[in-house]
Structures are given as C-alpha cells and as structure tokens.
Amino acid sequence: MTIALLITGIFIIAVFSLTVFEDVFNAGNIAGILGGIYITALGLMFNRINHTLWNILFVAAALGIVSVITLMSFIYIKGKTKACNEKVIIVLGCRVKWDKPSLSLIKRADAAYDFLMKNPKALAILSGGQGKDEALSEAECMKNFLLEKGIAKSRLILEDKSTTTDENIAFSLKLINSLGLDKEIAVATSEYHQLRASMICNRYGLKSSPQSAKTKLTVLHVFLLREIFGIIKELIINK
C-alpha cells in the first residue's frame with residue numbers, strides 16, 4: 001500500500017508540475033500538486049498513525065479523486081457539442097504574448113474561423129481587453145489573425161474592454177443589444193471553458209452553443225481542474 005500511494009502521489013505531483021515548462025501555471029497546478037502531496041503523505045503515514053484515522057483520510061482521498069475526475073470529465077464532455085448555424089459567434093479572448101497571440105488564442109480564433117467559413121452570413125464579436133503585459137487587446141489580436149485568414153472586416157465586431165469571462169459576455173451582450181443581433185449565439189473558446197461560459201450566458205439571457213477549440217493534452221488536465229473552481233464560484237457567487 002505504501003509503495004502504491006507513494007508512486008501515485010509522486011506521479012500526480014509530476015504531471016501537475018511539468019506543465020510549468022509549457023508556460024502553464026495556475027490554480028489547477030497548485031490544487032493538483034497539493035493533492036499529490038496529500039497522497040504521498042498518506043503513503044508515508046501508513047502503519048504510523050492510528051488505523052481508523054488513516055482509513056478516514058484514505059477514504060476522503062479516494063472520494064476526492066473520484067469526484068474530481070468525474071467533474072473534469074463532465075466539463076470536458078460539455079465542450080464537445082457543436083454549434084450549427086447561429087448568426088452570431090462570441091469569441092472569448094485569451095492571453096496575448098506582447099503582440100502575438102498565444103497558442104490558446106490562436107486555437108480559439110481558428111475555431112471561430114471554421115464557424116465563420118461554414119456560416120458566411122454570421123458575425124463575430126471578438127471579446128477581450130488589453131493586459132499590462134500586452135501590446136494590444138486580445139480582441140484586436142484576434143481581428144488581425146482573422147483578417148489575415150481572409151475574413152471580411154465587416155463581419156468582425158470588437159469588444160476590447162473586458163478582463164474576465166463574465167465581462168466578455170456581459171460587454172458582448174451590450175453590443176448584441178445595441179446592434180439588434182440574435183441572442184441565440186455560438187461561443188468560441190477552449191473546450192474546458194465552455195460549460196462555465198454557457199452558465200454565464202444563461203445568466204445574461206443568451207442561449208449559447210459551443211464552438212470549441214482543442215487544448216494540448218499535456219496541459220488539458222490543469223485547465224480542467226482549474227475550471228472546477230471557476231464553476232463553483234459561478235454557482236455560489238453569481239447564481
């Protein structure tokens with residue numbers, strides 16, 4: 001039992017630590033590493049503490065792992081459905097590396113491009129403000145990317161003030177209302193982000209369908225775990 005727990009704990013610590021080398025470090029990493037430390041500590045404490053207490057801690061760990069894996073799977077599956085022929089797609093911003101789109105932003109813009117090509121009359125609201133370490137807004141960066149791929153400027157609407165997912169959707173809704181656009185929309189974002197985005201859309205009276213961008217498998221687990229905290233916050237604070 002000790003060896004199995006030590007191997008499991010060290011493995012969990014490793015898979016959530018190594019993503020740092022891919023420039024990914026967030027609450028998902030921290031939670032995963034802490035979970036790995038907990039499992040490792042259980043292995044080290046086997047037969048060294050009260051048996052009943054150890055069993056309680058072990059059951060708690062097992063339930064926690066099953067719950068987290070179930071939630072991560074549910075979040076992932078929810079992002080796999082496809083948008084169809086909506087007339088508006090909101091593209092949620094992501095990090096800009098000074099003046100270049102990050103890989104996640106490229107994938108989201110690519111997802112939007114595919115949708116716009118399949119729906120030649122659809123409009124895209126490109127949503128995302130400018131961070132302190134960004135030379136231009138996420139919306140502007142996506143616009144440049146889509147223009148280079150041949151999408152007409154007249155089909156691209158910029159929302160360049162938002163700094164959170166909630167603001168992405170709230171500020172985009174203002175544009176939808178002011179332009180008299182349809183409130184049945186598609187949302188282009190990473191697959192792990194779609195469930196929370198749809199929850200926020202529902203809160204603002206928008207009916208959304210996912211147009212998901214794929215995330216690298218080597219970092220997907222970190223974002224899925226982080227997203228659990230975002231969804232909990234949405235359920236508790238913004239319900």
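Residues numbered from 1 in each chain as written. Predicted model: local features only at pLDDT ≥ 70, side-chain atom pairs only at ≥ 80, totals over all residues. Heavy atoms only, no water.

**Quick look at a nonpolar patch on the surface**
Then comes step 1: Nonpolar side chains collect at one region of the surface, where Leu18, Val20, Phe21, Phe25, Ile30, Leu34 and Ile37 lie side by side and expose about 750 Å² of accessible area between them.
Then comes step 2: Within the secondary structure layout, Leu34 lies in helix H2 (residues 27–45). (Patch = residues over 30% accessible without salt bridge, like charges linked within 9 Å, V, L, I, M, F, W, Y side chains within 5 Å. Areas by Shrake-Rupley, 256 points an atom, 1.4 Å probe, with all protein chains shown as cover. Salt bridge = Lys/Arg side-chain N within 4 Å of Asp/Glu carboxyl O. Helix = DSSP H or I, 4+ residues; strand = E, 2+ residues; numbered from the N terminus.)

**Remarks on the pairing of strand S1 (residues 88–92)**
Looking along a regular strand, one sees side chains alternate from face to face of the sheet.
Then comes step 1: With 5 of its 5 residues buried, S1 lies for the most part within the structure.
Then comes step 2: Residues Val88, Ile90 and Leu92 line one face of S1 and the alternating positions Ile89 and Val91 line the opposite face, and both faces are buried.
Then comes step 3: Taken together, the 5 bridges between S1 and strand S4 (residues 123–127) define a ladder with parallel strand orientation. Directly across from Ile89, in S4, lies its bridge partner Ala124.
Then comes step 4: For S1 and strand S6 (residues 184–190), the ladder comprises 3 bridges, and the chain directions are parallel. (Buried < 20%, exposed > 50% of the residue type's maximum accessible area, 1.4 Å probe, protein only. Pairing = 2+ DSSP bridges.)

**A word on the environment of Val59**
Then comes step 1: Inspection of the secondary structure assignment puts Val59 in helix H3 (residues 51–78).
Then comes step 2: When the C-alpha positions of Val59 and Lys153 are compared, they lie 57 Å apart, and in sequence the two are 94 residues distant.

**What about the pairing of S6?**
Then comes step 1: Burial analysis of S6 places 6 of its 7 residues in the buried class, which makes it a mostly covered element.
Then comes step 2: Here 7 bridges tie S6 to strand S7 (residues 207–213), and the two strands are oriented parallel to one another. Residue pairing across strands places Ile185 opposite Ser208, the latter belonging to S7.
Then comes step 3: As a crossover connection, the stretch from S6 through helix H7 (residues 194–203) into S7 is right-handed. (Right-handed = clockwise from strand over helix to strand, strands pointing away.)

**Here we look at the pattern of salt bridges**
Close approach of charged atoms allows side chains with opposite charge to pair.
Then comes step 1: Evaluated as defined, the whole model comprises 8 salt bridges.
Then comes step 2: Here the salt bridges do not stand alone but share partners, grouping Asp23, Arg95 and Lys97 into one network.

**Topic: the sheet that holds S6**
Then comes step 1: If you trace the 5 strands from one edge of the open sheet to the other, you get S5-S4-S1-S6-S7, paired in parallel fashion. Both edges of this open sheet fall to strand S5 (156–159) and S7, since each of them pairs with a single strand only. The average angle at which neighbouring strand axes cross in this sheet is 25°, direction not considered.
Then comes step 2: Along the sheet, helix H4 (residues 103–118) contacts S1, S4, S5, S6 and S7; its crossing angle with S7, the most-contacted strand, is approximately 115°.
Then comes step 3: Packed onto the sheet, helix H5 (residues 138–148) meets S1, S4 and S5 and runs at close to 165° relative to S5. (Axes fitted to C-alpha atoms, helices over the stretch in contact; angles between N-to-C directions. Contact = heavy atoms within 4.5 Å.)

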